[in-house]
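Here is what each chain is made of, one letter per residue.
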Amino acid sequence: KRGGWINKMSEKKEKTLFEKAHESEQVPFWLPPGADFGEKEENLFGYDLEENFYVPERLADKSSSLIEAVNDFHFAMMNDAPRNAFYRNVLGDKVKPDDVVLEIGTGSGLLAMLAAKCGAKHVYAIEANKHLAQLATHLIRVNGLSDKITIINKLSTQVVVGKDIPERADLLVSEILGTLLLGENALQYVADVRDRLLKPNASIIPHSGRQFISLVQCEGIRNITSVQGWDDLDLRGFNGLRDTVSVVFTKQYGFRLSDLESKTLVKKTPVVEVDFSQDDVGCLEMERVITVEVEEDGVIDAIVTYWEAYGEQEETNVMSTEPSATKNNFARDMQWGQALQLVNDPDEMSGLKPFEVKKGDRLDIVIHLSEDSAVMQFEVLKV
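Residues numbered from 1 in each chain as written. Predicted model: local features only at pLDDT ≥ 70, side-chain atom pairs only at ≥ 80, totals over all residues. Heavy atoms only, no water.

**Student:** Please give an account of the pattern of salt bridges that cites residues and values.
**Tutor:** The final tally for this structure, using the stated rule, is 21 salt bridges. For K121, the salt bridge identified is with E167, shortest N-O distance 3.9 Å. Taken together, the positions of K121 in the loop between helix 4 (110-117) and strand 4 (122-126) and E167 in the loop between strand 5 (149-152) and strand 6 (169-174) put the pair 46 residues apart, joining distant regions of the chain. For E167, a relative accessible area of 29% gives the class partly exposed. The shortest N-O distance in the salt bridge between D347 and K382 comes to 3.6 Å. In this pair, D347 is assigned in the loop between strand 17 (339-342) and strand 18 (355-357) and K382 in strand 20 (residues 376-382), connecting sequence segments 35 residues apart. Here the salt bridges share partners, and the residues they tie into one network are K121, E167, D170 and K199. (Salt bridge = Lys/Arg side-chain N within 4 Å of Asp/Glu carboxyl O. Helix = DSSP H or I, 4+ residues; strand = E, 2+ residues; numbered from the N terminus. Buried < 20%, exposed > 50% of the residue type's maximum accessible area, 1.4 Å probe, protein only.)

Below, the structure is given as structure tokens:
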């Protein structure tokens, strides 16, 4: 998920990001799972299984990345009822009878169908995987909306006005958000579409979003990411291998934060803000520092990060991955969940000392972003 773009037709790097994307086949380094760019036979689903293992014909011609992605998060995503309601409500408020709507990353076609049912004149739904494009076409036909929706099997960066769509669109809808808000390069894709495929002042859904952090004390996290000892044995030296560098998704750990008892030592704090209606690639600082204050005595075990996405500038409709917002939404935790980075005392280089804090302590949080803003990392320093 690291940033930049390549031109498949030339090794020369003469063009800037998104520049003249319609003139040649430009492809981002980060592609949606299963995007069609000549899947090799060894990348088809089941290629790594033993020869005597069975793979049904319906899966044998699909890429491994597609099948893994669909079974990892697509079903959970489609069954996240509050997510679907968020999009239906915002589309219902924004779509006008004469609107041409564009969707990028349609997948099943669900959001495109919601836009059509909200009264759009026509919806153009872009999908980079041919099998998903075929499935979306089927589901759209089953739901009687074939005359209202056109599926385009391309990357959005390859779509051209006058060739793939007849005119610029009045509204863009997408759901290309990761466990980290910009983890699927939403800013790059949306900025490109906004500049090339939308009318001036077009509506964009979601309109904006914020990434937040909280600093927490949590015995459950501590018990699976560190060790003190057992019986009369001191095992603390093993904590020198504790990863306090990586931001890891809770789904990878195999738990839901909302199920764990924890104490918030530093309250919910925004660290990244993005306005999809106007922000461009490179607008976010790759490194900045914010100062926060500790609200309770305790031991900081981890930085927890989550986001909110807003349907409109007024932030009336909100979709959130904050643990309190996902407690009764199992599907949301299984498709997104939250991310966390472990913490130890920054003054103890061995990595063995817990980060003890007192109420009123001030801490500097250093926020590091990758060049494309898709990946982040934090440092917690004593002031």
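**Student:** Go over the packing of helix 3 (residues 81-94) against helix 4, please, and point to the residues and values.
**Tutor:** The contact between helix 3 and helix 4 brings their axes to 9 Å, and the two run at 35 degrees. For the pair helix 3 and helix 4, the sense of crossing is right-handed. Together, R83, N84, Y87, R88 and L91 of helix 3 and L110, L111, L114 and A115 of helix 4 make up the contact between the two elements. (Axes fitted to C-alpha atoms, helices over the stretch in contact; angles between N-to-C directions. Left-handed = near helix turned anticlockwise from the far one by under 90°. Contact = heavy atoms within 4.5 Å.)

**Student:** Give a description of unusual backbone geometry that names residues and reports values.
**Tutor:** Along the chain, I205 connects to P206 via a cis peptide bond; the corresponding omega equals 0 degrees. Located in the positive-phi region is D231, a residue other than glycine, with phi close to 55 degrees. Structurally, D231 can be placed in the loop between strand 9 (229-230) and strand 10 (233-234). Take D231: its relative accessible area is 67%, and that puts it in the exposed class.

**Student:** Help me get a handle on a negative patch on the surface, residues and values and all.
**Tutor:** A grouping of E293, E295, E296 and D297 is seen on the molecular surface, where their side chains present a negatively charged patch. Looking at the element boundaries, E296 is found in the loop between strand 13 (287-293) and strand 14 (298-300). Take E296: its relative accessible area is 37%, and that puts it in the partly exposed class. (Patch = residues over 30% accessible without salt bridge, like charges linked within 9 Å, V, L, I, M, F, W, Y side chains within 5 Å. Areas by Shrake-Rupley, 256 points an atom, 1.4 Å probe, with all protein chains shown as cover. Lys, Arg positive; Asp, Glu negative; His and termini not counted. Charge placed at Lys NZ, Arg CZ, Asp CG, Glu CD.)

**Student:** Requested: an account of a nonpolar patch on the surface, with residues and values cited.
**Tutor:** On the surface, W230, L233 and L235 cluster together into a nonpolar patch covering about 350 Å² of accessible area. With respect to the helices and strands, L235 occurs in the loop between strand 10 and strand 11 (248-249). In this structure L235 comes out as partly exposed when scored by relative accessible area, which is 36%.

**Student:** Before we move on, could you go through the environment of S174 and cite the residues and values that matter?
**Tutor:** Tracing the backbone shows S174 in strand 6. Separated by 49 residues in the primary sequence, S174 and A125 place their C-alpha atoms 9.6 Å from one another. Excluding residues within four positions of it along the chain, S174 makes contact with Y87, I104, L111, V190, I205 and P206.

**Student:** Break down the sheet that holds strand 6 for me, citing the residues and quoting the values.
**Tutor:** Each strand in a sheet pairs with another by means of backbone hydrogen bonds, the pair being arranged parallel or else antiparallel. In spatial order, the strands read 5-4-3-6-7; together these five strands make up an open sheet with parallel pairing. With one partner strand each, in any of the chains shown, strand 5 and strand 7 (198-205) form the two edges of the open sheet. Going across the sheet, the axis of each strand differs from the next one's by a mean of 25 degrees, ignoring polarity. Looking at chain direction, strand 3 (residues 100-104) and strand 6 are connected through four bridges and run parallel. The partner of V101 across the bridge, within strand 6, is L171. Set on the sheet, helix 4 makes contact with strand 3, strand 4, strand 5 and strand 6; between it and strand 4 the angle comes to about 170 degrees. Where helix 6 (residues 186-196) meets the sheet, its contacts fall on strand 3, strand 6 and strand 7, and the angle it forms with strand 7 comes to roughly 145 degrees. (Pairing = 2+ DSSP bridges.)

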